[in-house]
Amino acid sequence: MSPRRIAIAVGMFLLFVGSFAWADESALERARIPFREGAKLVEAAEWDSALAAFERSRAISEHSLTVYNIGVCQRFIGRQTLARETLRLALARAKEHPDEMPALYVEQAETYIREIEGRLARLQITLTPPDAKIAIEGRPLVAVSGVTGQFVAGIAPAGEARSLGLAKLEVLVDPRPGTVVTFSLDGYDTIEVKRDLKPGAREDVTVSMSEQPAQMRIAANVKEAIVRVDGVDVGMAPVAITRPPGPRLVTVIREGYVPYEAKLTLKPGQDVPIDARLAVEGVPITKKWWFWAGAAVIVAGVGIGTYFLVRPEPERPDPQRGGLGWLVEAN
Amino acid sequence: MARRSELAALVAFGCALGAACNDAPPPLASALVVVDTDLPVPKAASHLRVDVYGADGRWRESRQFPRVRPDEWPASFGLVSPDESKPTDVIVRLRVYPEGGTRDYRGERAEVRPTYAQVRFPANEAELCAAAEDLPPQEERTLRRGLVPISTDRCQLSIPVSGRAGSVAVRVTIPTRDKYRFEVVRTMPLFEIGIDTTLALRRNCTDSATEIACHDNINEESNWLSSLVVDLDPGTYTLLSNGNSRDAAEVTIRWSKASEWDAVPPPPAPPVTAAREPTPRLLVGGADLTPVDEPSPSATVERFVRVRLEPGVQATKRVLLGGKCLGTPARVSSAGTDRIDVASVQTCIDGDGTGPIPDAEPASTIPPSVVGTYLADACAEEDSDDNVVCVPGGAFVMGGPEMDNLDLSGRGKTLPVRSVALSRFWIDRREVTVGRYRQAIAAGFRVKNAADAPVDNAGPLDTNGLRTGTTYSAKPMNRERYPLNSIGWQTAREVCMFFGGDLQTEAQWEYVAGGADAPNKRTYPWGEAESTCEVTVIDRVFAPVCKGFRGPEPVDAAAMAADVGALGVLGLGGNLREFTRDAANAFDHPCWTAQSAVDAWCDDPAPAYRIARGGSWKGAFVFARVSARWPTLPSTRSTDVGFRCTYPRPPERRWTGP
């Protein structure tokens, strides 16, 4: 809707309201002043200031068209879920006061609501345990009346997250990148899930508070020591790695040093520092000259032949996957 | 390890006895690619995108990795080739970008960096007429109108020269005698905000005596644009539009036979090629795995490198995605459904311009990460004082999605986001005050254009009018600590230049308001707490929303106490919104995209709007957000607009008090 059309729509309010009896003429007259200011601000596309003007008018005297204008301003400043709620309120009031809102604006409000609902993103949240608290962009959720398990984000004022007691719920959200959903539960670290929500998107969010990953921060006392977790190269120490809870094998290796190994069981949300102390490899007795001198005659014949028959195949060094754990085959 | 050395010793002994030997096979051709960045993480870089192509350009792999902590850099991955007979070349494309710095995948189209030349307005009527272009009927043409009056018409003569702006002109060729309509159909700034035009038709452009007709306002009360309807003989005429308001503007003109005015011109022919998916595509095993989005060039550092995998060699290569390559996206074209044209790729060469794909640099060791070191000139505590605050250099991301649809002119869009790097600078700790302005006048500052200067408010402060709402008074009225309002952009800039600086750029304002070199960008200058009456002087127009004086307050008022930004810069979120140096354009306008990302600002000598930043006593809460942009008429002397200055070094000229 162009600003010009809105201006006309807004101006009509003054005509219509003037035609009908009003319980409190003085309140109406006082409400008209900020309403007119809001109309001028709409023409200058100053949506926020217009919104404040219409809200002031509403505070003096409630009227369906004032609520409608508030919803339109909210739509223009990108508060889609709030605009939807406000326009629904305008329609609800218009049903009770049919003289307040001409059919043109009822139809327009319904069109806006449909447009907004088509644009809203929907998050299908599966939550364990169900009593974890949820907030989106720092605001608790508001239940949609008459629809079990459906909630709206962006309406309630910023505040503490609330527990909804549901394992599965759907949330209508303003589509925008970087939307943050926060899950919190006493005794656990807060989980933040960030999603880039496009208009009309439906996304699944599955969160298990008891399955929070743990972090291992692995350092070594020598440079260029390669760290492996469960046999996979994760980079050179120092390195910080997150893994799901459970048993883990950490190995730190560097040529010329005795490998360091640690077996540990990670708990959810745990932060474990590991300080790998690698010792210089000792000289085995087999490198002593006098050992070979003494064994030379005995080993040289059958022993060597046996060795070549039973020794394992020599291994080709593995290509490195780097800290990202990713190896790309070129061909 | 010990057992292996024992066995190796036995093998060596066996070899020494002449027995047959069998060494371990050599490694496969492989390379460890180590990627680092000197941008701050996560503020300007939090994701790494890696695309791998064969030497023939075929797209083979694509992954993106969140790397949101400085200790996750450098990042590394491996390349391997099973071909043991010959070397294998791999093309690697590396891109680092911040959260939100993506767009839908558009395919590779070898986009050339746009050029941007500042508009040059004609200096006089002769130049205006010589540059007038032919305008066919029904075609809309948008022309830039400057600030200086160079022509006039009879309809404008009643307007004093001080109220006039520049002129635009087009040539029209009339084919047959008929009634013709000429109209200014659109302007920027929008006409509702006070732009005014006239329209005049001349037989001879440079001779005002040949004026045939002129027109001023379509509607005296509601539409001050202009429309002419006149009978004309065949011939060539000049259509001029002059300005009845002091701002530069974009004026859109159209003409046709009066009877054909409402005939809608046919739409342009649709392109011959049918709509198709963007290419190339990532096709793996018959499946299309092409990512749906890609890093946005305006917020990405990108480099291509070639990695040669030699049989038997495990190499290490290092690539730096450095801030020097900000604003220098690669030029890449598609060479088919599944590949790029490798030979034609032009990529950033670590800040030395662009060139063909270079070989990746070998690395014998992996040095520590250089994250956060780009342009990171620090400030010492003694570099700041009560007048000015030192702001350390660094990179960050301008814009964001949450404020994008606020402004219908389209000039204040906050998307796409744009990465910018700033050298160290100094900024006023507070908005420029009445007291400081008075000290400037006492020290010799003179206003060049009285229409642009604050008026003298010799009475109490009452924001119901321009004069009574001005904080300045020629004789002190105990308002020295109030921010200086009701000043035009040009005079504000001249005040800053008098002090050895300039108006802050948009990037400088947003960088400081967003927390400067802090790891994450703030939502509001004071942090993440919602913008409310308790934090700053904002939204005072509609009580009972916010109680208090309906206007600005002293810069050190109690109501401003919580409006403290990072580094101790005060009043960014409220009181007065602040002029910046920049012309108002979206971040993908050539004035942004054609320049380097370092110390970038949108430089236009006479735009329709300038950008003001920050909240004000009049505006709604949301405009205290760091990303919010207000297109503002440069000539506006508004009681809710002020300014502050920035400097490349500590200013020598100082002032006392706030």
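Structure: see above.
Quick summary incoming for the structure in this document. (Residues numbered from 1 in each chain as written. Chains lettered and ligands numbered in written order. Predicted model: local features only at pLDDT ≥ 70, side-chain atom pairs only at ≥ 80, totals over all residues. Heavy atoms only, no water.)

### Regarding the overall build of chain A
How we decide: Helix numbering and strand numbering both begin at the N terminus, where a helix is a DSSP run of H or I of at least 4 residues and a strand a DSSP run of E of at least 2. Here's how the labels work: a residue is buried when its accessible area is under 20% of the maximum for its type, exposed when over 50%, partly exposed in between, all with a 1.4 Å probe on protein chains only. Two residues form a contact once any of their heavy atoms are found within 4.5 Å. The accessible surface values rely on the Shrake-Rupley method and a 1.4 Å probe; as for residues, cover is taken only from the protein chains in view.
Secondary structure assignment for chain A yields 7 helices and 17 strands. Expressed as a percentage of the 331 residues in chain A, the buried residues total 45%. Once local pairs closer than 6 in sequence are excluded, the contacts in chain A between residues at least 24 apart make up 54%. When the accessible surface of chain A is summed, it comes to about 16800 Å², and 54% of that surface belongs to carbon and sulfur atoms.

### Some points on unusual backbone geometry
Residue and element names in this part refer to chain B. Following T279, the chain continues to P280 via a peptide bond in cis, the omega torsion being 5°. In the segment running from L415 into P416, the intervening peptide bond is cis, with an omega of -5°. Assignment of secondary structure puts P416 in the loop between β25 (394-398) and β26 (418-422). Residue S486 is not a glycine yet carries a positive backbone phi of 55°.

### Re the sheet that holds strand β11 (residues 197-202) of chain B
This is how the line gets drawn: Strand pairing follows a simple DSSP-based rule, namely that at least 2 bridges must link the two strands.
The strand order β7-β9-β14-β11-β12 (chain B) describes an open sheet built from 5 strands, whose pairing is mixed. Lying at the two open borders of the sheet, with one neighbouring strand each, are β7 (133-134) and β12 (211-215) of chain B.

### Quick word on the state of the cysteines
All names here are of chain B. Let me state the cut-off plainly: In what follows, a disulfide is any cysteine sulfur pair within 2.5 Å.
Within this structure, the stated rule accounts for 6 disulfides over all chains. For C325, the disulfide goes to C348, at an S-S distance of 1.9 Å. In this structure, the disulfide formed by C325 and C348 twists by about -80° around the S-S bond and is classed as left-handed. Of the two residues, C325 is situated in the loop between β20 (314-321) and β21 (347-348) and C348 in strand β21; the sequence distance between them amounts to 23 residues. Of the residues examined, C348 reaches a relative accessible area of 2% and is grouped as buried. Two residues, C496 and C645, share a disulfide whose sulfurs are 2.1 Å apart. On the S-S bond that ties C496 to C645, the torsion sits near -80°, and the link is left-handed. One end of the pair, C496, is in helix α5 (residues 489-498); the other, C645, is in strand β33 (residues 645-647), and 149 residues separate them in sequence.

### A closer look at the nonpolar core
Where a protein is soluble and globular, its nonpolar side chains tend to be buried together. Heads up, the rule is: Here, nonpolar core refers to any group of buried Ala, Val, Leu, Ile, Met, Phe, Trp, Tyr and Cys residues whose side-chain atoms link them within 4.5 Å.
Grouped together as the largest cluster of nonpolar side chains are 40 residues, with contacts concentrated most on B:L39, B:V50, B:F77, B:L79, B:V92 and B:V307. When contributions to this core are tallied by element, the ones reaching two or more residues are β1 (29-37), β2 (47-54), β4 (75-81), β5 (88-97), β19 (301-309) and β20 of chain B. Excluding residues that lie within four positions of it along the chain, B:F77 makes contacts with A:R321, A:G322, A:L324, A:W326, B:A31, B:L32, B:V33, B:V35, B:V50, B:V92 and B:L94.

### Let's talk about the packing of aromatic side chains
All names here are of chain B. Where we set the bar: Stacked, edge-to-face and tilted are the three classes for Phe, Tyr and Trp ring pairs, Trp counted by its six-membered ring, which pair at centre distances within 6.5 Å; planes under 30 degrees apart are stacked, over 60 edge-to-face, the rest tilted. Note on criteria: charge over ring means Lys NZ or Arg CZ within 6 Å of the ring centre, with the direction from the centre no more than 35 degrees off the ring normal.
Evaluated as defined, the whole model comprises 19 aromatic pairs over all chains. The rings of Y437, F445, Y472, F498, F499 and W655 are connected pair by pair, giving a single aromatic cluster. Here the guanidinium or amino end of R629 rests over the ring plane of F587, the centre of that ring lying 4.1 Å away.

### Considerations on the environment of A:P34
Residues and elements named next belong to chain A. Mapped onto the secondary structure, P34 falls in helix α2 (residues 25-43). Relative accessible area serves as the criterion here: at 1%, P34 is assigned to the buried category. Each C-alpha atom, one on P34 and one on S57, is 5.4 Å from the other, the two residues being 23 residues apart in sequence. Once you skip the residues sitting within four places of it in the chain, P34 turns out to touch A53, R56, S57 and I60.

### Section: the pairing of strand β8 (residues 141-145) of chain B
All names here are of chain B. Burial of the side chains of β8 is restricted to one face: R141, L143 and R145 are buried, whereas none of T142 and R144 on the reverse face is. Sheet topology places β8 next to strand β15 (residues 249-257); 5 bridges connect them, and they run antiparallel. For R144, the partnering residue across the bridge sits in β15 and is E250.

### Some points on the sheet that holds β20(B)
Pairing within the open sheet is mixed, and its 5 strands lie in the order β17(A)-β4(B)-β1(B)-β20(B)-β23(B). Either end of the sheet is taken by a strand with one partner, and the two such strands are β17 (327-329) of chain A together with β23 (361-362) of chain B. Where β1(B) meets β20(B), 8 bridges bridge the pair, whose relative direction is parallel. By the bridge assignment, B:V35 is partnered in β20(B) with B:V319.

### Things to note about the packing of helix α4 (residues 64-76) of chain A against helix α5 (residues 80-96) of chain A
Residue and element names in this part refer to chain A. What counts, and what does not: Only the stretch in contact is used when a helix axis is fitted, and all axes are lines through C-alpha atoms; the angle between N-to-C directions ranges over 0 to 180 degrees. Angles are sorted into four bins: roughly parallel if under 35 degrees, roughly antiparallel if over 145, roughly perpendicular if 65 to 115, and oblique for all others. Crossing handedness is read from the near helix: turned anticlockwise from the far helix by less than a right angle, it gives a left-handed crossing, and turned clockwise, a right-handed one.
Two elements in contact, α4 and α5, have axes whose closest approach is 8 Å; the angle formed by their N-to-C orientations is 165°. Taken together, α4 and α5 sit at an angle that is classed as roughly antiparallel. As for how α4 packs across α5, the hand of that crossing is left-handed. For the pair α4 and α5, contact is made by S64, V67, Y68, I70, G71, V72, Q74 and R75 and by Q80, L82, A83, T86, L87, L89, A90, R93 and A94, respectively.

### Topic: the side chain of B:D563
Residues and elements named next belong to chain B. Convention followed: Neither His nor the chain termini are counted; the positive set is Lys and Arg, and the negative set is Asp and Glu. Only one rule defines a salt bridge in this text: a Lys or Arg side-chain nitrogen within 4 Å of an Asp or Glu carboxyl oxygen. In protein, a polar contact requires one atom able to donate a hydrogen and another able to accept it; more generally it is a pair of N or O atoms within 3.5 Å, and residues adjacent in sequence count only if both atoms are side-chain atoms.
Inspection of the secondary structure assignment puts D563 in the loop between α6 (506-513) and β29 (577-583). In this structure, D563 is buried with no salt-bridge partner, the nearest side chain bearing the opposite charge being R644 at 7.0 Å. Polar contacts involving the side chain of D563 include one to the side chain of T536, which spans 2.8 Å. Excluding residues that lie within four positions of it along the chain, D563 makes contacts with P525, W526, V535, T536, V569, L570, G571, L572, G573 and G574.

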